[in-house]
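# Fold and geometry: a report
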Amino acid sequence: QVQLVESGGGLVQPGGSLRLSCAASGNIFPNNRMGWYRQAPGKEREFVARITAGGISYYANSVKDRFTISRDNAKNTVYLQMSSLKPDDTAVYYCTIDWAPYEKIYWGQGTQVTVSS
């Protein structure tokens, strides 16, 4: 079993910053990928960012240069530093973890991020 617990969501004004955290526990393969997806009301869930165990990161074009993903392998924790937030960033943010052969992805319960004045 794998558990993912997100934290750090909340209400922030446009232009503000927020940091999300996600701690993984359970039967985790060390050489894993951790990431973030989000789902806005009435929209499909979309990819936000991903980071490999070696620290290689990937971003959606919509968040590149505003969001930074990082991880602490010793703590099995991934972070998402979000800056210059826009109302369009409002969504439930989900943490993920998977590993080769990538047949299964584990999801957290989600944390709400609301960008509004």
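Computed from a predicted structure; not experimentally measured.

## Some remarks on the overall build of the protein
- Scanning the protein for helices and strands turns up zero helices and eleven strands.
- The secondary structure elements of the protein, listed N-terminal to C-terminal, are β-β-β-β-β-β-β-β-β-β-β.
- Here the C-alpha radius of gyration of the protein, 14 Å, is about what a compact globule of 117 residues would show, namely 13 Å.
- In terms of its C-alpha atoms, the protein occupies a principal-axis envelope of roughly 40 × 25 × 20 Å.
- Across the 117 residues in the protein, those meeting the buried criterion constitute 43%.
- In the protein, of all internal contacts separated by at least 6 residues, the share reaching a separation of at least 24 is 53%.

## Section: the nonpolar core
- Counting residues in hydrophobic clusters, the biggest one holds 29 residues, and the most contacted among them are W36, L80, M82 and Y93.
- Only β1 (2-7), β3 (18-26), β4 (32-39), β5 (46-52), β7 (67-72), β8 (77-82), β9 (91-99) and β11 (111-115) provide two or more residues apiece to this core.
- No other element matches β9, which puts five residues into this core.

## A look at the packing of aromatic side chains
- If you walk through the whole model with that rule in mind, you get four aromatic pairs.
- Taken together, Y37, F47, Y94 and W107 form an aromatic cluster joined through their ring pairs.
- Over the ring of Y94 we find R45; its NZ or CZ atom is 3.9 Å from the centre of that ring.

## Re the pairing of β7
- Where burial is concerned, the two faces of β7 differ: the one with F67, I69 and R71 is buried and the one with T68, S70 and D72 is not.
- As consecutive antiparallel partners, β7 and β8 are separated by four residues, and within that stretch N76 has a phi angle of approximately 50°, a positive value.

## Quick notes on the environment of W107
- In this structure, W107 sits in strand β10 (residues 105-107).
- Expressed as a C-alpha distance, the spacing of W107 and D65, which sit 42 residues apart in the sequence, is 25 Å.

## Observations concerning unusual backbone geometry
- Omega for the bond connecting A100 with P101 falls within 30 degrees of zero, at 5°, which places this linkage in the cis form.
- Positionally, P101 belongs in the loop between β9 and β10.
- Despite not being glycine, D65 shows a phi value in the positive range, around 75°.
- Take D65: its relative accessible area is 80%, and that puts it in the exposed class.
- The phi angle at Y102 is positive, at roughly 60°, despite the residue not being glycine.
- Inspection of the secondary structure assignment puts Y102 in the loop between β9 and β10.

## As for the side chain of T52
- By secondary structure assignment, the location of T52 is in strand β5.
- When residues no more than four places from it in sequence are discounted, the contact partners of T52 are N32, R33, Y58 and R71.

Scoring rules and cut-offs
- Position numbers for residues start from 1 in each chain and track the written sequence from start to end.
- The model is predicted, so local features are restricted to residues of pLDDT at least 70 and side-chain atom pairs to those at 80 or more, both for listing and for counting; the totals for chains, interfaces and linings are taken over all residues.
- As a convention, hydrogens and water are excluded, and side-chain values are obtained from all of the structure's heavy atoms.
- For the purposes of this entry, the term helix denotes a DSSP run of H or I that reaches at least four residues, the term strand denotes a run of E that reaches at least two, and both are numbered from the N terminus.
- Radius of gyration means the value over C-alpha atoms here, while the globule rule gives 2.2 Å times the residue count to the 0.38 power.
- Only protein chains enter the calculation, and the probe is 1.4 Å; a residue is then buried if its accessible area is under 20% of its type maximum, exposed if over 50%, and partly exposed in between.
- The criterion used for residue contact is that any of the two residues' heavy atoms lie within 4.5 Å.
- As used here, the term nonpolar core means buried Ala, Val, Leu, Ile, Met, Phe, Trp, Tyr and Cys residues forming a set that is joined through side-chain atoms within 4.5 Å.
- In this scheme Phe, Tyr and Trp rings, the latter by its six-membered ring, pair at centre separations within 6.5 Å, and the angle between planes marks the pair as stacked below 30 degrees, edge-to-face above 60, and tilted otherwise.
- Lysine and arginine charges are scored as sitting over a ring when NZ or CZ, respectively, is within 6 Å of the ring centre and within 35 degrees of the ring normal.
- Pairing between strands requires that DSSP locate at least two bridges from one strand to the other.

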